[in-house]
Amino acid sequence: MNIAILGTGRVGGALGAGWAARGHRVMYGSRNPQSELVRQRVRAAGDNVHAASLDDAARHAEVVVLATPWQGAQAALQMAGDLRGKVLIDCINPLTEDFRNLDIGHTTSAAEQVASWAPGAKVVKAFNSVSAGAMADPWFGNENATMLYCGDDEDAKRIVRRLAEELGFDAHDAGPLSIARYMEPFAMLYIKLAIKEGWGGNCAFKILRRE
Ligand SMILES: NC(=O)c1ccc[n+]([C@@H]2O[C@H](COP(=O)([O-])OP(=O)(O)OC[C@H]3O[C@@H](n4cnc5c(N)ncnc54)[C@H](OP(=O)(O)O)[C@@H]3O)[C@@H](O)[C@H]2O)c1
C-alpha cells in the first residue's frame with residue numbers, strides 16, 4: 001500500500017518504520033524534506049521510505065496519516081492538497097501549546113475538525129491513544145496494546161484495522177467518527193497517567209473481555 005505520513009516526528013517515525021518493515025511504500029510529507037533530520041528519519045526507516053513535500057507525498061497515496069501537532073494540522077492539510085477519496089488517519093490529540101489540556105472537546109473533536117478541513121477524505125481516528133513507543137512495539141510481555149479507532153466509512157476502517165494489526169495491535173472499532181470526542185480525552189488521561197507515574201511511553205491501555 002502507498003502510505004503518506006504528514007509529519008516526521010515521533011509518531012510519523014514509528015509508524016513509517018513499522019509499515020515500511022512490513023512491505024508498504026511510505027512517503028513522508030515534510031515542510032522541509034531536504035533537512036538533515038528528515039534524511040536521518042528516512043535512512044533509519046529503510047528501503048521502502050522516501051520524503052517529499054506534503055502535496056507530493058499525498059498525491060500518490062491511498063492512505064494519508066496526519067501526524068503533526070494540533071496547531072499545525074490545518075496548515076499541513078492545506079499544503080497536502082485534495083485528499084478526496086483517500087483514507088485519512090488522524091493521530092492528533094488537540095493539546096494546548098503547553099501540553100497540559102485539550103484545546104477542544106466533548107461537543108466536537110479534532111477528528112471532526114480534520115474531516116471539515118479535508119472534504120471528501122475518509123477520516124479515521126486512530127493511533128492517538130497509544131504512545132509512539134507502543135507504536136514501535138505494542139507488546140508488553142504476552143499482552144498487546146489495544147488500538148481504538150473510529151470513523152464513518154466502513155471500508156476505510158477495515159484498512160486502518162489491518163494496518164494496526166500488522167504492527168501488532170489488538171485493534172478495536174469504537175464506532176463513528178464522533179466517538180473521537182471521547183477517544184481524545186482518553187488519550188489525555190493516558191498522558192496524565194504516564195507523566196504522573198513516570199512511565200513515559202512504556203504503558204498502554206488494554207481492553208479485557210470475557211464471554
Ligand atoms: N508522541 C506520542 O507519543 C503521541 C502519541 C499519540 C498521538 N500523538 C499525536 O500525534 C501528533 C504528532 O505527535 P509527535 O509526538 O510525533 O510530534 P512531533 O515529534 O513534534 O512531530 C510532529 C511533526 O509534525 C510536523 N509539523 C507540521 N506542522 C508543524 C508545526 N506547526 N509545528 C511543529 N511540527 C509540525 C513536523 O515535521 P516536518 O518538520 O518534517 O514537517 C514534526 O516533526 C500530535 O498531534 C500528537 O498529539 C503523539
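Above: the structure in question.
Computed from a prediction, not measured in an experiment: that's the story for all the values here.

S.K.: Explanation requested: the sheet that holds strand E1 (residues 2-6) in the structure shown.
M.R.: Hydrogen bonds along the backbone pair up the strands of a sheet, which may run parallel or antiparallel. Ordered in space as E3-E2-E1-E4-E5-E6-E9-E10, the eight strands form an open sheet in which the pairing is mixed. Of all strands in the sheet, those with a lone pairing partner are strand E3 (49-52) and strand E10 (170-175), marking the two edges. The sheet shows a mean angle of 25° between the axes of neighbouring strands, direction not considered. Across four bridges, the pairing between E1 and strand E4 (residues 63-66) is parallel. Each residue of the ladder has a partner; that of Leu6, found in E4, is Leu66. Helix H7 (residues 154-167) contacts E1, E4, strand E5 (87-90), strand E6 (122-125), strand E9 (146-151) and E10 of the sheet and is inclined by roughly 155° relative to E10. Sheet strands touched by helix H8 (residues 180-197): E5, E6, E9 and E10. Its angle to E9, the strand with the most contacts, is close to 150°.

S.K.: Could you clarify how one ought to interpret the environment of Ala4 in this entry?
M.R.: Its place among the elements puts Ala4 in strand E1. Once the C-alpha coordinates of Ala4 and Asn128 are considered, the two residues, 124 residues apart in sequence, prove to be 17 Å apart. Apart from residues no more than four positions distant in its own chain, Ala4 is found in contact with Met27, Ala57, Ala58, Ala61, Val63, Val64 and Val65.

S.K.: I'm lost on the pattern of salt bridges in this one. Help?
M.R.: One side chain can pair with another of opposite charge once the charged atoms of both are near each other. Evaluation of the coordinates by the stated rule reveals 14 salt bridges. Between Asp170 and Lys206 there is a salt bridge, and its shortest N-O distance comes to 3.3 Å. Of this pair, Asp170 sits in strand E10 while Lys206 is found in the segment after H8, placing the two residues 36 residues apart along the sequence. Overall, the relative accessible area of 15% leaves Asp170 in the buried class. A relative accessible area of 29% means that Lys206 is categorised as partly exposed. For the salt bridge of Glu197 with Lys196, the shortest nitrogen-to-oxygen distance reads 2.6 Å. Within this structure, Asp55, Asp56 and Arg59 form a network of salt bridges that share partners.

Calculation rules
Residues numbered from 1 in each chain as written. Predicted model: local features only at pLDDT ≥ 70, side-chain atom pairs only at ≥ 80, totals over all residues. Heavy atoms only, no water. Pairing = 2+ DSSP bridges. Helix = DSSP H or I, 4+ residues; strand = E, 2+ residues; numbered from the N terminus. Axes fitted to C-alpha atoms, helices over the stretch in contact; angles between N-to-C directions. Contact = heavy atoms within 4.5 Å. Salt bridge = Lys/Arg side-chain N within 4 Å of Asp/Glu carboxyl O. Buried < 20%, exposed > 50% of the residue type's maximum accessible area, 1.4 Å probe, protein only.

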